[in-house]
Amino acid sequence: MFAPETAIALTLLLPLAGAVLIGLLGGQPNLREGATLLTAGALFFVVIQLFGMVAAGAAPALTVWDVIPGLPIAFKIEPLGMLFGAIASGLWIVNSLYSIGYMRG
C-alpha cells in the first residue's frame, strides 16, 4: 500500500505528530485519548505494512540526508528490528487503552 520509503518516514513522523497533537489536546481528555489511540493505530497499521515487506524478503531503506559523501543519515529495516517494531507498536495500543483510566484518575 505504501512505498517502503514512505512507510519508514511515516513510522518516524506519526509518533512526533501524535505527541504534538496530544500536547495540544491536554485539557480535553476525550479528544486527547482519541488522538492517542488514533496515532497508535495508524502507526501499527504502517508497521504491519513494513512487516509484510520484510517478511517477503525486502530490506526497505530510507536515506534522509548525506552529511558528506559516503556518510548518510539513513534508516534500514532488518528482520529482528522489524519484529521489535511490530511488538512495540502493538503494545502502544494496549498501553494506551490501559492508561485511559489511570490518566483520568
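Note that this is a predicted model, so its numbers are computed, not measured.

What counts and what doesn't
Residues numbered from 1 in each chain as written. Predicted model: local features only at pLDDT ≥ 70, side-chain atom pairs only at ≥ 80, totals over all residues. Heavy atoms only, no water. Axes fitted to C-alpha atoms, helices over the stretch in contact; angles between N-to-C directions. Helix = DSSP H or I, 4+ residues; strand = E, 2+ residues; numbered from the N terminus. Parallel < 35°, antiparallel > 145°, perpendicular 65-115°, else oblique. Left-handed = near helix turned anticlockwise from the far one by under 90°. Nonpolar A, V, L, I, M, F, W, Y, C, P; charged D, E, K, R; others polar. Pairing = 2+ DSSP bridges. Contact = heavy atoms within 4.5 Å. Expected span 1.5 Å × (residues − 1). Bend = angle between axes of the 7 residues up to and from the residue. Buried < 20%, exposed > 50% of the residue type's maximum accessible area, 1.4 Å probe, protein only. Phe/Tyr/Trp six-rings, centres within 6.5 Å; stacked < 30°, edge-to-face > 60°.

Asks: I'm lost on the packing of helix H2 (residues 29-55) against helix H3 (residues 79-104) in this one. Help?
Replies: The description of two packed helices rests on the angle between their axes and on the distance between the axes. The contact between H2 and H3 brings their axes to 9 Å, and the two run at 165°. Taken together, H2 and H3 sit at an angle that is classed as roughly antiparallel. Judged by the sense of rotation from one axis to the other, the crossing of H2 with H3 is left-handed. Looking at side-chain class alone, the contact of H2 with H3 contains 18 nonpolar, eight polar and three charged residues.

Asks: Please clarify how the pairing of strand E2 (residues 71-76) should be interpreted in this entry.
Replies: Within a regular strand, side chains alternate between the sheet's two faces. Here strand E1 (residues 61-68) pairs with E2 via six bridges, running antiparallel. Looking at the pairing, Asp-66 lines up with Pro-72 of E2. Hairpin remark: E1 followed by E2, antiparallel, with two residues in the connecting loop; positive phi at Gly-70, about 90°.

Asks: Honestly, the side chain of Ser-96 in this entry has me stumped. Any pointers?
Replies: Note on placement: Ser-96 falls in helix H3. Not counting residues within four places of it along the chain, the set of residues in contact with Ser-96 comprises Thr-36, Leu-37 and Ala-40.

Asks: Which parts of the structure should I look at to understand H3?
Replies: For the α-helix, the turn length of 3.6 residues means that residues three or four positions removed from each other point alike. Compared with an ideal rise of 1.5 Å per residue, which puts 26 residues at 38 Å, H3 spans 38 Å between its outermost C-alpha atoms and is within 8% of the ideal. Where H3 bends most, the angle comes to about 35°, and this point is Tyr-98. Residues of H3 that are buried include every one of Met-82, Ala-86, Ser-89, Gly-90, Ser-96 and Ser-99, and no others.

Asks: I would appreciate a short explanation of H2 in the present structure.
Replies: An ideal rise of 1.5 Å per residue puts 39 Å on 27 residues; H2 measures up with 38 Å between its terminal C-alpha atoms. Downstream of H2 by one or two residues, Gly-57 has phi in the positive range, about 105°.

Asks: Where do I start with the packing of aromatic side chains in this structure?
Replies: For any two aromatic rings, the description comes down to two numbers: the centre-to-centre distance and the angle of the planes. Taken as a whole and judged by the stated rule, the model has one aromatic pair. Arranged with centres 6.3 Å apart and planes meeting at 80°, the rings of Phe-2 and Phe-45 form a pair that is edge-to-face. Here Phe-45 lies in helix H2 and Phe-2 lies in the segment before helix H1 (4-24), a separation of 43 residues in the sequence. Among the residues examined, Phe-2 registers a relative accessible area of 25% and is labelled partly exposed.

Asks: Honestly, the environment of Glu-33 in this entry has me stumped. Any pointers?
Replies: Looking at the element boundaries, Glu-33 is found in helix H2. For Glu-33, a relative accessible area of 10% corresponds to the buried category. For Glu-33 and Ala-7, which are 26 residues apart along the polypeptide, the C-alpha to C-alpha distance reads 24 Å. Setting aside residues up to four positions removed in sequence, Glu-33 forms contacts with Ile-100 and Arg-104.

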